[in-house]
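The lines below spell out each chain.
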Amino acid sequence: MNPPPPASGKDLTARPHLLRWPLLWPLLVSLAAFLGSLAGALRVGLRSTDGRLIYAVDDAYIHMAVGRTWADHSIWGCTPFHFSSSSSSLLWTFGLGVAYRALGVHDWTPLLLNVSFAVGTLVVANGSLARLGAQPLLRASALLGIVVAFPLAGMVLLGMEHILHVLLTIGFAAVAVETLTNPPESPRLVRRRTVALCVLGALLGASRYEGFFLVGLACLAFLVRRQVLRAVSIGAAALLPVVAFGVFSVANGSYFLPNPLMVKAVGETASMASA
């Protein structure tokens, strides 16, 4: 029996086979570049600190303190004595708390989480570009751009939430672009993509509040396409975690937005006494 003729168009929703060499080699090259640069930077850094891991910014230790307090005392704050809205990345701090509660408190936890998120970023970016029809050389260039220009190894060593935010940004953007450029015909696939965008939008906003700019653009694009229900669903899902935290924060005597965002917005003179 003769094989069926090839399809005239590309199916962007089809998942490329993970063992195909054209799909794998851009990912492997970028992973090698990332892990090599990270190993070199980590070696130099540990040599300068007598083998002790030290993050470069104090923000990393604020996240760690809140995560540890939540894990040990079920209180969201830097100390176990009272609530403190000191972290602007709800998802990252929550993830640190989960890791601390499950595995114990270790200075290496943020770094190891960031390594896993960095690998996930390259995997998701490679797969998304492949589904959109990007050729292997273009994918390799884009992935190496993420490794070098971001820079991925340097962000890992900061011990903060930026790589998680990039991972969720790429994931959300990829699904949104596929949905807008290649609308699915199956109602089941329509629902799956909408649910995926709602979940990714909620996680993106909770990772960094700047993620709402991308969510807002996606919702606007769906509104232009007259997909009102989808746009409202994605927007509401994205807002739900931060609104819930804002209500909880106000109930505990703090601002609706986390303190770091308030300081950026109104300066260091922000005070509940003058609110």
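Residues numbered from 1 in each chain as written. Predicted model: local features only at pLDDT ≥ 70, side-chain atom pairs only at ≥ 80, totals over all residues. Heavy atoms only, no water.

(A) Local environment of the nonpolar core. F34, L122, L152, F172 and I234 are the most contacted members of the largest nonpolar core, which totals 43 residues. Setting aside residues no more than four positions away along its own chain, L152 makes contact with F34, A118, L122, I146, V147 and I163. Among the nonpolar cores identified, the runner-up in size contains nine residues, and W70, L90, Y209 and V242 belong to it. (Core = buried A, V, L, I, M, F, W, Y, C linked by side-chain atoms within 4.5 Å. Buried < 20%, exposed > 50% of the residue type's maximum accessible area, 1.4 Å probe, protein only. Contact = heavy atoms within 4.5 Å.)

(B) Spotlight on the side chain of S30. Among the structural elements, S30 can be located in helix α1 (residues 21-48). Overall, the relative accessible area of 0% leaves S30 in the buried class. Beyond its immediate stretch of four places on either side in the chain, S30 contacts L122, L143, L144 and V147. (Helix = DSSP H or I, 4+ residues; strand = E, 2+ residues; numbered from the N terminus.)

(C) Examining the pattern of salt bridges more closely. In total, this model carries four salt bridges according to the counting rule given. Residues R68 and D72 are paired through a salt bridge, measuring 3.6 Å at the closest nitrogen-oxygen approach. Here D72 and R68 lie together in helix α2 (residues 58-73), a separation of four residues that amounts to about one turn. In this structure R68 comes out as partly exposed when scored by relative accessible area, which is 46%. Relative accessible area serves as the criterion here: at 43%, D72 is assigned to the partly exposed category. Of the charged contacts in the structure, one is a salt bridge between R208 and E210, with a shortest N-O distance of 3.0 Å. A residue is classified by how much of its surface remains accessible, and R208, at 16% relative accessible area, is buried. Taking the relative accessible area as the measure of exposure, E210 reaches 33% and is therefore partly exposed. By sharing partners, the salt bridges in this structure join E161, R208 and E210 into a single network. (Salt bridge = Lys/Arg side-chain N within 4 Å of Asp/Glu carboxyl O.)

(D) Molecular detail of the state of the cysteines. Under the criterion given, the structure shown has zero disulfides. Between C219, a free cysteine, and C198, which holds the nearest cysteine sulfur, the sulfur-to-sulfur gap is 8.6 Å. (Disulfide = S-S within 2.5 Å.)

(E) Up close: the environment of S128. With respect to the secondary-structure elements, S128 resides in helix α4 (residues 109-131). Residue classification places S128 among the buried positions, given a relative accessible area of 5%. Linking S128 and E178, residues 50 residues apart in sequence, is a C-alpha distance of 9.0 Å. Only 2.8 Å separates the side chain of S128 from the backbone oxygen of V124, close enough to count as a polar contact. (Polar contact = N/O pair within 3.5 Å; in protein donor to acceptor, adjacent residues only side chain to side chain.)

(F) Examining unusual backbone geometry more closely. The amide bond that connects F150 to the next residue, P151, takes the cis arrangement and shows omega of -15°. Here P151 lies in the loop between α5 (136-149) and α6 (152-158). For S74, which is not glycine, the phi dihedral falls at a positive 55°. Relative to the helices and strands, S74 resides in the loop between α2 and α3 (90-103). One non-glycine residue, R226, lies in the positive phi region at around 65°.

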